[in-house]
Amino acid sequence: MKKLLLLLCTVMGAMLLSCNRPAVFSGEEEALIRQGSAQTPFRVLKITNTQDSIILRTPCSDIGNFANDTTLALLIARLKTTLSAENGVGIAAPQVGLLKNIFLFMRLDLPGAPVMVAINPKITNHPDTTVCFVRDGCLSIPGASGNSTRYPWVEVEYFNEKGEFFRERLEGYSRQDTFTAVIFQHEYDHTRGILFIDKLCR
Ligand SMILES: [Zn+2]
């Protein structure tokens, strides 16, 4: 009897927990994501628009309990569509109006240059020295490019869309070769409200 009660309590507890699971997105965020299908690009926010620039300058928050979330899957699909429509190498959620720690970045260092998803990304280590990366650019800053101060490599942590945890060292800051490390830093900065024009160098 005791065992049965314990089992019942465990089952009830698990049910309560799953019912109380907080939503990944607010109602407003959910509505924005569900405005289009996977093939519909988002409108990319531009710094030249006052309302947009306030959003672009706001730090984002982490995404909790995201496993198997259908809205998150649609967000990622729409971000991929947007990135490809804009011919970009990376795009972060705040650039489409969602203040969440998630971005896409192109792995120029891997065969086929796949686009990868970084959820709740962190930069855990970098060298003391920096480089001046040539011709940084941003989908949210139309018609402008400039050199930006970057770390030549970064050690990073993030989750992908399947909830798999990654810890790796990203390298590359050369336009001629690969600049995966710079793409990650550029997109990571977006989630903190920082733009490449804040880091200009000669
Ligand atoms: Zn950008």
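See the structure printed just above.
Let me sum up the structure you'll find in this document. (Residues numbered from 1 in each chain as written. Predicted model: local features only at pLDDT ≥ 70, side-chain atom pairs only at ≥ 80, totals over all residues. Heavy atoms only, no water.)

## Focus on the overall build of the chain
Selection criterion: Where helices and strands are cited, they refer to DSSP runs of H or I of at least four residues and of E of at least two residues respectively, numbered from the N terminus. A simple rule labels every residue: compare its accessible area, found with a 1.4 Å probe on the protein chains alone, to the largest value its type can have, and call it buried under 20%, exposed over 50%, or partly exposed in between. A 1.4 Å probe and the Shrake-Rupley method give the accessible areas. Residues count as covered only by the protein chains that appear here.
Secondary structure summary: the chain contains five helices and seven strands in total. Starting at the N terminus, the α and β elements of the chain follow one another as α-α-α-α-β-β-β-β-β-β-β-α. Burial statistics for the chain: of 202 residues in total, 42% are counted as buried. When the accessible surface of the chain is totalled, it reaches about 10,900 Å², and 56% of it is carbon and sulfur.

## Section: the layout of surface pockets
The condition is simple: Using only the protein atoms, space was sampled on a 1 Å grid; points where a 1.4 Å probe fits but cannot get out form cavities, open sets with protein on both sides within 12 Å along at least five of seven lines form pockets, and lining residues are those with an atom within 4 Å of a point. Grid points are joined across faces, edges and corners, and a volume is the space filled by probe spheres set on the points. Throughout this entry, Asp, Glu, Lys and Arg are counted as charged residues, while Ala, Val, Leu, Ile, Met, Phe, Trp, Tyr, Cys and Pro are counted as nonpolar. The remaining residues, Gly among them, count as polar.
In this structure, the largest pocket encloses a volume near 330 Å³. Along its surface, the largest pocket is lined by 21 residues, and V89, D136, G137, C138 and R175 are the ones closest to its centre. When residues of the lining of the largest pocket are traced back to their parent elements, those giving at least two are β4 (131–138), β5 (141–150) and α5 (180–190). Considering only residue class, the lining of the largest pocket consists of nine nonpolar, eight polar and four charged.

## Side note on the coordination of the zinc ion
So the rule is basically this: We call an atom a donor if it is N, O or S and sits within 2.8 Å of the metal, or 3.2 Å for Na, K and Ca. Water is not counted, so some sites may look partial.
Listed as protein donors to the zinc ion are C138 (SG), H186 (NE2) and H190 (NE2); their distances from the metal cover 2.1 to 2.3 Å. Spacing between the donor residues of the zinc ion along their common chain follows C-x47-H-x3-H. Placement of the pair is H186 and H190 together in helix α5, with a separation of four residues, close to one helical turn. Assigned by exposure class, H186 and H190 land together as buried.

## Examining the environment of I141
This is how the line gets drawn: Two residues form a contact once any of their heavy atoms are found within 4.5 Å.
Of note, I141 is situated in strand β5. Here I141 falls in the buried class, since its relative accessible area comes to 8%. The sequence separation of I141 and K46 amounts to 95 residues, and the corresponding C-alpha distance is 6.0 Å. In contact with I141, other than residues within four places in its own chain, are I47, L195, F196 and I197.

## With respect to the packing of aromatic side chains
Definition in use: The criterion for an aromatic pair is that two Phe, Tyr or Trp rings (for Trp, the six-membered ring) have centres within 6.5 Å, with stacked assigned to planes under 30 degrees apart, edge-to-face to planes over 60 apart and tilted to the rest. Note on criteria: charge over ring means Lys NZ or Arg CZ within 6 Å of the ring centre, with the direction from the centre no more than 35 degrees off the ring normal.
Following the criterion strictly, the structure yields nine aromatic pairs and no others. Aromatic side chains F66 and F159 sit 6.0 Å apart centroid to centroid with 65 degrees between the ring planes, which places their arrangement in the edge-to-face category. Note that F66 is positioned in the loop between α3 (50–56) and α4 (70–85) and F159 in strand β6 (residues 153–159), a separation of 93 residues in sequence. Given the relative accessible area of 28%, F159 is considered partly exposed. Between F105 and F184, the ring centres sit 5.2 Å apart and the planes meet at 90 degrees, which makes this aromatic pair edge-to-face. Here F184 lies in helix α5 and F105 lies in strand β2 (residues 102–106), a separation of 79 residues in the sequence. Within the aromatic cluster, the residues linked to one another by ring pairs are F103, F105, Y158, F166 and F184. Sitting over the face of the ring of F42, R78 holds its NZ or CZ atom 4.0 Å from the ring centroid. The side chain of R169 reaches across the aromatic face of W153, ending 3.9 Å from its centre.

## Describing the environment of K122
Tracing the sequence through the fold places K122 in strand β3 (residues 115–125). Separated by 33 residues in the primary sequence, K122 and E155 have C-alpha atoms spaced 8.5 Å apart. Filtering out sequence-adjacent residues up to four positions away, K122 remains in contact with E155, V156, E157, F184 and Y188.

## Here we look at the side chain of T191
Position of T191 among the secondary structure elements: in the segment after α5. Beyond its immediate chain neighbours, meaning those up to four positions away, T191 contacts P59, C60, P94, K100, N101, I102 and F103.

## Points about the pairing of strand β7 (residues 165–171)
Short version of the rule: We call two strands paired when DSSP finds no fewer than two bridges between them.
With seven bridges connecting them, β6 and β7 associate as antiparallel partners. Bridge pairing in β7 places V154 opposite L170. Where β6 hands over to β7, the hairpin turn is made up of five residues, of which G163 adopts a positive phi near 85 degrees.

## Notes on α5
Because the α-helix completes a turn every 3.6 residues, residues three or four places apart line up on one side. Burial analysis of α5 places eleven of its eleven residues in the buried class, the great majority of the element. For α5, the full list of buried residues reads T180, A181, V182, I183, F184, Q185, H186, E187, Y188, D189 and H190.

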